[in-house]
Amino acid sequence: MTIRILIADDHLVVREGLKLILETNSRYTVVAEASNGVEALQLADAYSPDIILLDLNMPKLDGLATMTGLKEKGHDMPVIILTTYNEDDMMSRGLALGAKGYLLKDTGREMIFRSIEAAMRGETLLLPEITDKVFAKQTFEKTTVPSTTANISITDKELIVLQAIARGSRSKEIGLEMGISERTVKAHLTTIYNKLGVDSRPQAVAVAVEWGILHF
């Protein structure tokens, strides 16, 4: 099955570079390119791509506003954030909005492919070098932690699962590390989602860090 991709970035050289990389693999086809958030929303409507590679800093609508717009329009295709090293706060906010991961704009070909394939499976590939940088700057003052946090009890096994997904580990890999089945890992994830009030791995990591459950 061919994966149809929309690239949204205000730099032509980035769009063209990504397109060249993606089209070296017959599994991928770039169906549209957007230079700003407004165009991205219009092209998402017109082409219904399978996945969107989305820049954070764009004119008219930035990446975060574009993600919000996609949700409001009822689009549920996975979004991978395109980023640089100086966008830490926006990256964490993008994860909270449901992004399936993030890629540095100079990321190598194989990592781009791995991230797309993970997103299409409903998984998230979080690169450790970026994860550490994003969450190292998070603060954990009590004033930022919801009062409901006091009623949240994360078990030791659930914490191990949270730490593993923050590293980008897959359910099968987590199961092997913990000596449990993949099905049990997924059950732990469901419980974690319910406790944190989220519905995806990136959101779980972002909320766990914000509430001081995870520390990097």
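**Overview of helix 2 (residues 37-47)**
Here comes step 1: Buried within helix 2 are the following residues: Gly37, Ala40, Leu41, Leu43 and Ala44.
Here comes step 2: Packing partners of the buried residues in helix 2 comprise strand 1 (3-8), strand 2 (28-34), strand 3 (51-55) and helix 3 (63-72).
Here comes step 3: At the N-terminal boundary of helix 2, the capping side chain belongs to Asn36, with an oxygen 3.0 Å from the backbone nitrogen of Val38.

**Concerning the pairing of strand 1**
Here comes step 1: Burial analysis of strand 1 places five of its six residues in the buried class, the great majority of the element.
Here comes step 2: Strand direction decides the pairing type here: strand 1 and strand 2, joined by six bridges, are parallel. Bridge pairing in strand 2 places Ile5 opposite Val30.
Here comes step 3: What joins strand 1 to strand 2 is helix 1 (residues 12-22), and the crossover it makes is right-handed.
Here comes step 4: The pairing of strand 1 with strand 3 spans four bridges and is classified as parallel. Bridge pairing in strand 3 links Ile5 to Ile51.

**Remarks on the pattern of salt bridges**
Pairs can form between side chains of opposite charge once their charged atoms are near each other.
Here comes step 1: According to the stated counting rule, one finds nine salt bridges in the structure shown.
Here comes step 2: Lys105 is paired through a salt bridge with Asp55; the nearest N and O atoms lie 3.1 Å apart. In this pair, Lys105 sits in the loop between strand 5 (102-104) and helix 5 (109-120) while Asp55 sits in strand 3, placing the two residues 50 residues apart along the sequence.
Here comes step 3: The exposure class of Asp55 is buried, given its relative accessible area of 1%.
Here comes step 4: The partner of Arg109 in a salt bridge is Glu110, with the nearest N and O atoms 2.6 Å apart.
Here comes step 5: For Glu110, a relative accessible area of 48% gives the class partly exposed.
Here comes step 6: Connected through salt bridges with shared partners, the residues Asp9, Asp55 and Lys105 form a single ionic network.

**Some details on the sheet that holds strand 1**
Here comes step 1: The parallel open sheet is built from five strands, whose spatial order is 2-1-3-4-5. In the strand order of this sheet, the two ends are held by strand 2 and strand 5, each with one partner. Adjacent strand axes in the sheet meet at a mean angle of 25° when their direction is disregarded.
Here comes step 2: Bridging between strand 3 and strand 4 (residues 79-83) involves four bridges; their strand directions are parallel. When the bridges of strand 4 are listed, Leu53 appears paired with Ile80.

Calculation notes
- Residues numbered from 1 in each chain as written.
- Predicted model: local features only at pLDDT ≥ 70, side-chain atom pairs only at ≥ 80, totals over all residues.
- Heavy atoms only, no water.
- Buried < 20%, exposed > 50% of the residue type's maximum accessible area, 1.4 Å probe, protein only.
- Helix = DSSP H or I, 4+ residues; strand = E, 2+ residues; numbered from the N terminus.
- Contact = heavy atoms within 4.5 Å.
- Polar contact = N/O pair within 3.5 Å; in protein donor to acceptor, adjacent residues only side chain to side chain.
- Pairing = 2+ DSSP bridges.
- Right-handed = clockwise from strand over helix to strand, strands pointing away.
- Salt bridge = Lys/Arg side-chain N within 4 Å of Asp/Glu carboxyl O.
- Axes fitted to C-alpha atoms, helices over the stretch in contact; angles between N-to-C directions.

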